[in-house]
Amino acid sequence: MDIEVTRRADGTPVFVTGSTDSRMRIWNLDTRQPIGKPLNTCFTCLVYGMAIAERSDGQRVVISAEVPNFPFDEASPPAALRIWSLESGRPLGEPLTHEGNAHHPFVVTAKDGDGTPVIVSGGNDRNVVVRDLDTGRPLGGPFTGHTDNISALAVGTREDGTPVVVSGSLDTTIRMWSLA
């Protein structure tokens, strides 16, 4: 299960859960009651990761990283990233397939060097992909270099102000790339 905590546009404190039952749900943090209906994902997928972000227009969104239920085979759907409105609980656009079809994608959000909000994902394809949060389009090619599955992602800002993504891998390496 994955959990993220945030506030809605009206200031209501909420938490969002994603689980192995193919659903995400938005909950009121004060009352512990669900808000609206569950956000159904692909119905046969596991919600493997989530992130909360704000688009350029100020709209708050939840990004889910979904993987097909086991066992994986050639007929399994690809792993996908979905963007959901935090206010309405509706998907925004079509699912985004992670470059390289990572079956265990991690997802985080950040802003690149010019302030564009981005989605950063990585998984068992050993690549890190940066996408424009507003359009879903990849920004350049994937960051490569790991020789095993990516097991962790984080974003931050260096002392000089450069936004970076840091990835950890099962190959025991940690790599850092500039988002500028």
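Above this text sits the structure in question.
Residues numbered from 1 in each chain as written. Predicted model: local features only at pLDDT ≥ 70, side-chain atom pairs only at ≥ 80, totals over all residues. Heavy atoms only, no water.

**Student:** Help me understand unusual backbone geometry in this model?
**Tutor:** Apart from glycine, the bulk of residues carry a negative phi angle, and the bulk of peptide bonds sit in the trans form. Residues other than glycine seldom take positive phi values, yet Arg-32 does so here, at roughly 65 degrees. Considering the arrangement of structural elements, one finds Arg-32 in the loop between β3 (23-28) and β4 (34-40). (Helix = DSSP H or I, 4+ residues; strand = E, 2+ residues; numbered from the N terminus.)

**Student:** I keep staring at the sheet that holds β4 and nothing clicks. Help me out?
**Tutor:** Strands belonging to one sheet form pairs held by backbone hydrogen bonds; the direction of such a pair is parallel or antiparallel. Reading across from one edge, β1-β2-β3-β4 is the order of the four strands in this open sheet, with antiparallel pairing throughout. The outermost strands of the open sheet, each flanked by one partner alone, are β1 (2-7) and β4. Along the sheet, successive strands turn relative to each other by an average axial angle of 15 degrees, direction set aside. (Pairing = 2+ DSSP bridges. Axes fitted to C-alpha atoms, helices over the stretch in contact; angles between N-to-C directions.)

**Student:** Can you walk me through the pairing of strand β2 (residues 13-18) in this structure?
**Tutor:** Residues in a regular strand point their side chains to alternate faces of the sheet. Among the six residues of β2, six are classified as buried, and the element is accordingly described as predominantly covered. Where burial is concerned, the two faces of β2 agree: the one with Pro-13, Phe-15 and Thr-17 and the one with Val-14, Val-16 and Gly-18 are both buried. Judged from the six bridges that link them, β1 and β2 form a sheet pairing that is antiparallel. Its bridge partner being in β2, Glu-4 is matched across the sheet by Val-16. As consecutive antiparallel partners, β1 and β2 are separated by five residues, and within that stretch Gly-11 has a phi angle of approximately 95 degrees, a positive value. Relative to β3, β2 runs antiparallel, the two being bridged by five bridges. The partner of Phe-15 across the bridge, within β3, is Trp-27. (Buried < 20%, exposed > 50% of the residue type's maximum accessible area, 1.4 Å probe, protein only.)

**Student:** In this structure, what is going on with the nonpolar core? I would like to understand it.
**Tutor:** Across soluble globular proteins, nonpolar side chains have a tendency to be buried as a group. Among the nonpolar cores identified, the biggest contains twelve residues, and these are Val-108, Ala-110, Val-118, Val-120, Val-128, Val-130, Phe-143, Ile-150, Leu-153, Val-165, Trp-177 and Leu-179. If near-sequence neighbours (up to four positions away) are discounted, Val-118 is found in contact with Val-108, Thr-109, Ala-110, Lys-111, Asp-112, Val-130, Arg-131, Leu-133 and Leu-139. (Core = buried A, V, L, I, M, F, W, Y, C linked by side-chain atoms within 4.5 Å. Contact = heavy atoms within 4.5 Å.)

**Student:** Sorry if this is basic, but what is going on with the pattern of salt bridges here?
**Tutor:** It is possible for side chains bearing opposite charge to pair when their charged atoms get close. Applying the stated criterion across every chain yields a total of two salt bridges. A salt bridge links Arg-82 to Glu-66, with the shortest nitrogen-to-oxygen separation between them at 2.6 Å. Of this pair, Arg-82 sits in strand β7 (residues 80-85) while Glu-66 sits in strand β6 (residues 60-68), and the two are 16 residues apart along the sequence. (Salt bridge = Lys/Arg side-chain N within 4 Å of Asp/Glu carboxyl O.)

**Student:** Is there a simple way to explain the sheet that holds strand β5 (residues 45-54) in this structure?
**Tutor:** Pairing is antiparallel across the open sheet formed by four strands, whose spatial order is β5-β6-β7-β8. One side of each edge strand has no neighbouring strand; the edge strands of this open sheet are β5 and β8 (96-97). Summarising the sheet, β6 and β7 pair through six bridges and their orientation is antiparallel. Following the sheet pairing, Ile-63 is matched in β7 by Ile-83.

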